[in-house]
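In case you want the letters, here they are:
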Amino acid sequence: MGGCFSDLKGGKEAVGGLHEAATGTGRNNNGAHNDAVDFFYKTQGFQQMFTQVELSLSASNLLDRDIASKSDPMVVAFAKKRDGKLEELGRTEVIMNCLNPEWIQKISVAFQFEIVQPLEFHVYDIDTKYHGVPTKTLKLGDQEFLGMASCTLSEVVTKPSRSLTLRLQNKSGRGGLRNLGAITIHAEETVASRSAVEMILRCSHLDNKDVFSKSDPFLRISKMVESGGYIPICKTEVINDNLNPKWKPVCLSAQKFGNKDNPLVIECFDFNSSGDHVLIGKLQKSVADLEKLYKERTGANFVIPSTRHRQEKVLKGQLFVDQYCEKEQFSFIDYISSGFELNFMVAIDFTASNGNPQHPDSLHYIDAYGRLNSYQKAIMEVGEVIQFYDSDRRFPAWGFGGKIPDGSVSHCFNLNGSPGGSEVVGVEGIMDAYASALRSVTLSGPTLFGSVINMAAQMAVQSLTSHNNTKYYVLLIITDGVVTDLQETINALVKASDLPLSILIVGVGGADFSSMEVLDADNGRRLESSTGRVATRDMVQFVPMREVQSGQISVVQALLEELPEQFLSFMRSRDIKPLPSHFPQASTSTMQ
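Residues numbered from 1 in each chain as written. Predicted model: local features only at pLDDT ≥ 70, side-chain atom pairs only at ≥ 80, totals over all residues. Heavy atoms only, no water.

**Examining the sheet that holds strand β1 (residues 51-60)**
Thought 1: The 4 strands are arranged β4-β1-β8-β7 in an open sheet whose pairing can be described as antiparallel. Among the strands making up the open sheet, the edge pair consists of β4 (107-111) and β7 (163-167). Sheet twist, expressed as the average angle between the axes of neighbouring strands with direction ignored, equals 30°.
Thought 2: For β1 and strand β8 (residues 182-189), the ladder comprises 8 bridges, and the chain directions are antiparallel. Bridge pairing in β8 places Leu57 opposite Ile185. (Pairing = 2+ DSSP bridges. Helix = DSSP H or I, 4+ residues; strand = E, 2+ residues; numbered from the N terminus. Axes fitted to C-alpha atoms, helices over the stretch in contact; angles between N-to-C directions.)

So this is what it looks like as structure tokens:
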């Protein structure tokens, strides 16, 4: 029942009740279902021959690797490829001090009927020195291995209960003399639904479970599955020292609760940093019941099992629904298919750190026999994807960090050399303009992204001021990774963070890209400008092309991994919906 981070603060955070269901991606599911990727493949003629399923994970009797406390477990799910390599599918949250965890974060995977899909589940104890580090960025080699289990996906989905329990083994595939515990995998088909319910929940007169202070309550919501058991789908944040707590809004998609009449178990716990959370009380209500509580402005009493008479004791503490709202959570594809457009822009690094273009070891070297250099490979591979999403395939294309023909160093010049406009047509136009620029532009420096980011931001601003809410811009920056003025770049990104704009940075060559990764907010911390302003959302994604070209990740998956979520975060922040001719308004019930 911990949070997505392994420290005390993280353990008190909410899990599973945020606006995340319709993004098409999960925060921790690197290889999971992605609307943008599916849409790309489908329109290229690859038909959907799979069913999307969600895997819920729990474990029992895990090894205790910690000295002064219990293990802090997390699961990483992998798909095992034909060559034996493992492709990560996703990670659960970390649960603090728990040897019998039930994780809330699900693993999304496509079940393909016609092929065998081997899966592996690795359980780790997350070291306490990684407090505050999001699970996505944890290096597994630095964590303590607790055990692994393997099966095929069909073994899980063909069980009557759709659940499979496996003994954990060591990395050699044997359990050995020690009992490493067990892991249970439960599979459910993903329900395609835009419906969601947002509620504000509060409690009154909760029992006090602490001696020297008041309880620190949080709610855990679980749903009933076909086999009769319950799996957790949501946990609120912890509210310290309060017997009458009111939590932040909880948003549950129909994918999580099924239909409004499905029974849910709502448990209220007193948080303890030891992991031994104390049950304050529980109750069983459906979403329809919760809506009724809201409309009637009444509360529901918690109960607690009575050890004496084997009956439930009704408590004074009650649950109230202060706000109830049914809404639609639109997906990335809902917007694109209703007429929203992505407009791509390209900026190429002409700084001297790329090496002299006349030398074969330069990243800008043009080979006489037609072999592509690092930038050309990136343009071709990236272009295949991005031009698919741009309806007119006319790209503003710039260079930066080069000395242009008039002798000045420019940090944003038109790649085609034209003073009248920066647009080129298609990937071929980018390639031609790039080759032509190398003949007329001298590599220089320093490396500053600020000017091209500001230019892209100007285009996004013009779209907003013209009241055209159907355009979203994506700036692709191809660079060798050596940033001269990081703070100037951060300032430009923070300033542009409330615009319909995403920045995709593609790193070429073998340089140290650590400075680039600072710009990608995957570490959970939003960028902050030199004046103290914090970015309103994550809008940057960094992709090292060497990982794409080595086969570690597919170019399509890498480029589109975060775009749907960034796109949706902007649309929701402005309450922009898909064009109404395609999507009628949903009925709502809101508090006056």
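**A word on the sheet that holds strand β6 (residues 144-152)**
Thought 1: With antiparallel pairing, 4 strands are arranged side by side in an open sheet as β3-β2-β5-β6. One side of each edge strand has no neighbouring strand; the edge strands of this open sheet are β3 (86-91) and β6. Within this sheet the neighbouring strands show an average axis-to-axis angle of 25°, counted without direction.
Thought 2: Note: strand β2 (residues 73-80) against strand β5 (residues 118-125), 7 bridges, orientation antiparallel. Note on β5: the bridge partner recorded for Val75 is Val123.

**Re the packing of aromatic side chains**
Thought 1: Within this structure, the stated rule accounts for 15 aromatic pairs.
Thought 2: The interplanar angle of 25° and the centroid separation of 6.4 Å between the aromatic rings of Tyr294 and Tyr324 together place this pair among those described as stacked. Here Tyr294, found in helix α5 (residues 287-296), pairs with Tyr324, found in strand β16 (residues 312-328); they are 30 residues apart in sequence, far enough to count as distant.
Thought 3: Arranged with centres 6.3 Å apart and planes meeting at 80°, the rings of Phe330 and Tyr335 form a pair that is edge-to-face. Tyr335 matches Phe330 in its accessibility class, with the two residues each being buried.
Thought 4: Taken together, Phe330, Phe332, Tyr335, Phe340, Tyr472, Phe567 and Phe570 form an aromatic cluster joined through their ring pairs.
Thought 5: The aromatic ring of Phe145 is capped on one face by Lys171, whose charged end is 4.8 Å from the ring centroid.
Thought 6: Cation over ring: Arg202 sits above Phe320, and NZ or CZ is 4.2 Å from the ring centre. (Phe/Tyr/Trp six-rings, centres within 6.5 Å; stacked < 30°, edge-to-face > 60°. Buried < 20%, exposed > 50% of the residue type's maximum accessible area, 1.4 Å probe, protein only. Lys NZ or Arg CZ within 6 Å of the ring centre and 35° of its normal.)

**Digging into the packing of helix α9 (residues 450-465) against helix α10 (residues 486-496)**
Thought 1: Here α9 crosses α10 at 10°, and the two axes come no closer than 9 Å. Taken together, the axes of α9 and α10 lie roughly parallel to each other. Between α9 and α10, the contacting residues are Gly450, Ile453, Asn454 and Ala457 on the first element and Glu488, Thr489, Ala492, Leu493 and Ala496 on the second. (Parallel < 35°, antiparallel > 145°, perpendicular 65-115°, else oblique. Contact = heavy atoms within 4.5 Å.)

**Observations concerning the packing of helix α7 (residues 374-389) against helix α8 (residues 426-440)**
Thought 1: Closest axis-to-axis distance for the α7/α8 pair is 9 Å, and the angle between their directions is 155°. If you check the angle between α7 and α8, you find them roughly antiparallel. For the element pair α7 and α8, the recorded crossing hand is right-handed. Residues Tyr375, Gln376, Ile379, Met380, Gly383, Glu384 and Gln387 of α7 form the contact with α8, whose participating residues are Gly426, Val427, Ile430, Met431 and Tyr434.
Thought 2: Its residues placed into classes, the contact of α7 with α8 shows 7 nonpolar, 4 polar and 1 charged. (Left-handed = near helix turned anticlockwise from the far one by under 90°. Nonpolar A, V, L, I, M, F, W, Y, C, P; charged D, E, K, R; others polar.)

**Structural notes on the nonpolar core**
Thought 1: Formed by 84 residues in total, the largest nonpolar core has its most connected members in Phe350, Leu475, Ile477 and Leu501.
Thought 2: Judged by nonpolar contacts, the second largest core, of 33 residues, contains Leu55, Leu62, Val75 and Ala79. (Core = buried A, V, L, I, M, F, W, Y, C linked by side-chain atoms within 4.5 Å.)

**Quick word on the confidence of the model for the protein**
Thought 1: Per-residue confidence for the protein gives a mean pLDDT of 84, with 86% of residues at or over 70.
Thought 2: This model gives residues 583-592 a pLDDT under 50, and the stretch forms 26 contacts once residues within four places in sequence are excluded. (pLDDT = per-residue confidence, 0-100.)

**So, the environment of Leu99**
Thought 1: In this fold, Leu99 is placed in the loop between β3 and β4.
Thought 2: For Leu99, the residues in contact, after removing those within four places along its chain, are Ala59, Ser60, Asn61, Leu62, Leu63, Asp64, Lys70 and Ser71.

**Digging into the pattern of salt bridges**
Thought 1: All told, the structure shown has 19 salt bridges when counted by the stated rule.
Thought 2: Residues Asp367 and Arg371 are paired through a salt bridge, measuring 3.3 Å at the closest nitrogen-oxygen approach.
Thought 3: Residue Arg371 is classed as exposed on the basis of its relative accessible area, which comes to 57%.
Thought 4: A salt bridge links Glu423 to Arg394; the nearest nitrogen and oxygen atoms lie 3.1 Å apart. With Glu423 in strand β22 (residues 423-425) and Arg394 in strand β18 (residues 394-400), the pair connects residues that are 29 residues apart, well separated along the chain.
Thought 5: Look at Glu423 and you get partly exposed, because its relative accessible area is 41%.
Thought 6: The exposure class of Arg394 is partly exposed, given its relative accessible area of 38%. (Salt bridge = Lys/Arg side-chain N within 4 Å of Asp/Glu carboxyl O.)

**Here we look at the environment of Ala352**
Thought 1: The residue Ala352 is located in the loop between β17 (341-349) and α7 in this model.
Thought 2: The class of Ala352 is partly exposed, set by a relative accessible area of 47%.
Thought 3: A C-alpha to C-alpha distance of 8.1 Å links Ala352 and Gly402, two positions 50 residues apart in sequence.
Thought 4: The contacts of Ala352, once residues within four sequence positions are left out, are Leu443 and Ser444.

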